[in-house]
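Residues per chain are reported as follows:
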Amino acid sequence: MLRKLKIPNLSQFKSRSGLRAIIANTGWLFSDRILRMGASLIVGVWVARYLGVKQYGLFNYALAFVSLFSPIFTLGLDDVLVRHLVSKSSNKEELLGTTFWLKLLGGIASVLLAVGCMFFLGEKETLKIWLVAILAMTGIFRAADTVELWFQSQVKSKYTVIAKNAAYLLNTLIKVGLILTKAPLLAFAWVTLAEFAMNAISLIMIYQVKASSVWLWEWSFSAAKTLLKESLPLIFSGFAILIFMKIDQIMLGQMIGDSEVGIYSAAVRISEIWYFIPTTIVSSVGPSIYGAKEKSETLYYKRIRQLLRLMAFISIAISL
């Protein structure tokens, strides 16, 4: 079976957006993840040691709980929007504006649901409720990721990488300051929220400079209906994936305690390091595949097969 698998020739992807653009875009996304991995390895371990097993476990419990509601503020729109932007770039203001407002409303709804579920489950620990509430508010600022999707559709992720990493590095320095000043756990949650707020501001600024103006974005009920209809299966898929990935930390917190969640979360972070590789490649190659569908159904499925073969080989290499 392995003998039949052929490593795909990436030059076959270049007819739409260009091989150089794909490689450069992938390189920028890889550099983004490597930078974050390096900073997380140094500062993240420092934060974990400073907070201690119990508080670090409590923080990660809140993160895992909030992540269960992320399909509500993303609404499965990311891939759908990129595909529409590739095929209907002349209608970009309507698509971007509609997606932004849908994500913003989804972010507000996710905050209400996350906090409401904490009360519904009978949670009485005030600190845990506050952590969930603060971390859930990051979903509101994630509406600005619409800008990132626009640059992704143009295979120009370097601009968003620069913008987001500036905010990330500043946030990392602030975390170091919190450790040195012996700040409480809630301060780290507020800093996490501040990072997403800075991300949003940076993305909007880079869009204003390198693309167009966000004030030109428009809301459209017909576009919203179309986008949501296509993203509905992805919303359910997102829930299934996140329940599979995060329910273990929530179960540990409910059944055993926050300390065990802290130990488990530290180990899980190591195994999740590799997740960025396939998502980065798909983000760069995706617009080329969407564009192939406009030209030929045969070419479209051919490129999907090539991408899946590449993913299979990368997965085997990582496993080994």
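Residues numbered from 1 in each chain as written. Predicted model: local features only at pLDDT ≥ 70, side-chain atom pairs only at ≥ 80, totals over all residues. Heavy atoms only, no water.

## So, a nonpolar patch on the surface
On the surface, I243, I247, M251, M255 and I256 cluster together into a nonpolar patch covering about 480 Å² of accessible area. Its place among the elements puts M251 in helix α11 (residues 221-255). Taking the relative accessible area as the measure of exposure, M251 reaches 40% and is therefore partly exposed. (Patch = residues over 30% accessible without salt bridge, like charges linked within 9 Å, V, L, I, M, F, W, Y side chains within 5 Å. Areas by Shrake-Rupley, 256 points an atom, 1.4 Å probe, with all protein chains shown as cover. Salt bridge = Lys/Arg side-chain N within 4 Å of Asp/Glu carboxyl O. Helix = DSSP H or I, 4+ residues; strand = E, 2+ residues; numbered from the N terminus. Buried < 20%, exposed > 50% of the residue type's maximum accessible area, 1.4 Å probe, protein only.)

## Considering the side chain of N199
Mapped onto the fold, N199 is located in helix α10 (residues 185-210). For N199, a relative accessible area of 6% gives the class buried. Discounting chain neighbours no more than four positions away, the residues touching N199 are K164 and A167. (Contact = heavy atoms within 4.5 Å.)

## A look at helix α14 (residues 297-319)
Relative to the 33 Å expected for 23 residues at 1.5 Å per residue, α14 spans 33 Å between its end C-alpha atoms, a close match to the ideal helical length. Three or more residues of α14 are buried, namely Y300, R303, Q306, L307, L310, M311 and I314. (Expected span 1.5 Å × (residues − 1).)

## With respect to the packing of helix α8 (residues 145-153) against α10
Direction vectors running N to C along α8 and α10 enclose 40°, while the axes themselves pass 8 Å from each other. Between α8 and α10, the angle falls in the class oblique. When the axes of α8 and α10 are compared, the crossing they make is left-handed. Contacts between α8 and α10 involve D145, V147, W150 and F151 on the former and, on the latter, L203, I206, Y207 and K210. For the contact of α8 with α10, a count of residues per class yields six nonpolar, no polar and two charged. (Axes fitted to C-alpha atoms, helices over the stretch in contact; angles between N-to-C directions. Parallel < 35°, antiparallel > 145°, perpendicular 65-115°, else oblique. Left-handed = near helix turned anticlockwise from the far one by under 90°. Nonpolar A, V, L, I, M, F, W, Y, C, P; charged D, E, K, R; others polar.)

## Looking at the nonpolar core
Counting residues in hydrophobic clusters, the biggest one holds 34 residues, and the most contacted among them are F59, F65, L131, V132 and F188. Only α2 (19-67), α5 (92-120), α6 (126-136), α9 (158-180) and α10 provide two or more residues apiece to this core. By residue number, the principal contributor to this core is α2, which donates eleven residues. Membership of the second largest hydrophobic core comes to 28 residues, among which are L75, V80, I235 and Y290. (Core = buried A, V, L, I, M, F, W, Y, C linked by side-chain atoms within 4.5 Å.)

## Things to note about the packing of aromatic side chains
Both the distance between ring centres and the angle between the ring planes are used here to describe each pair of aromatic rings. Overall, the coordinates contain eight aromatic pairs when judged by the stated rule. A ring pair is formed by Y61 and F65, whose centres lie 6.4 Å apart and whose planes are at 20°; its orientation type is stacked. Of this pair, Y61 and F65 both sit in helix α2, four residues apart, roughly one helical turn. Exposure class is identical for Y61 and F65. Each is buried. On the basis of an interplanar angle of 85° and a centroid distance of 5.6 Å, the ring pair of F100 and W101 is categorised as edge-to-face. Residue W101 is classed as partly exposed on the basis of its relative accessible area of 44%. Three or more aromatic residues joined by ring pairs form one cluster here, namely F100, W101, Y207 and W217. A cation sits over an aromatic face here: K128 above Y61, 4.4 Å from the ring centre. (Phe/Tyr/Trp six-rings, centres within 6.5 Å; stacked < 30°, edge-to-face > 60°. Lys NZ or Arg CZ within 6 Å of the ring centre and 35° of its normal.)

## Structural notes on the packing of helix α4 (residues 77-87) against α8
Where α4 contacts α8, the axes come no closer than 9 Å and their chain directions differ by 45°. With respect to each other, α4 and α8 are oriented oblique. Crossing hand, α4 versus α8: right-handed. When α4 is examined against α8, the residues D78, L81, V82, L85 and V86 are found in contact with a partner set consisting of T146, L149, W150, Q152 and S153. Here the contact of α4 with α8 is built from residues that sort into six nonpolar, three polar and one charged.

## Some remarks on the pattern of salt bridges
Applying the stated criterion to the full structure yields three salt bridges. When the shortest N-O distance is used, the salt bridge between R83 and E230 registers 2.6 Å. Separated by 147 residues along the polypeptide, R83 in helix α4 and E230 in helix α11 bring together distant segments of the chain. Residue class for R83 comes out partly exposed when judged on its relative accessible area of 30%. A salt bridge links D145 to R142, with the shortest nitrogen-to-oxygen separation between them at 2.7 Å. R142 sits in the partly exposed class, given a relative accessible area of 26%.

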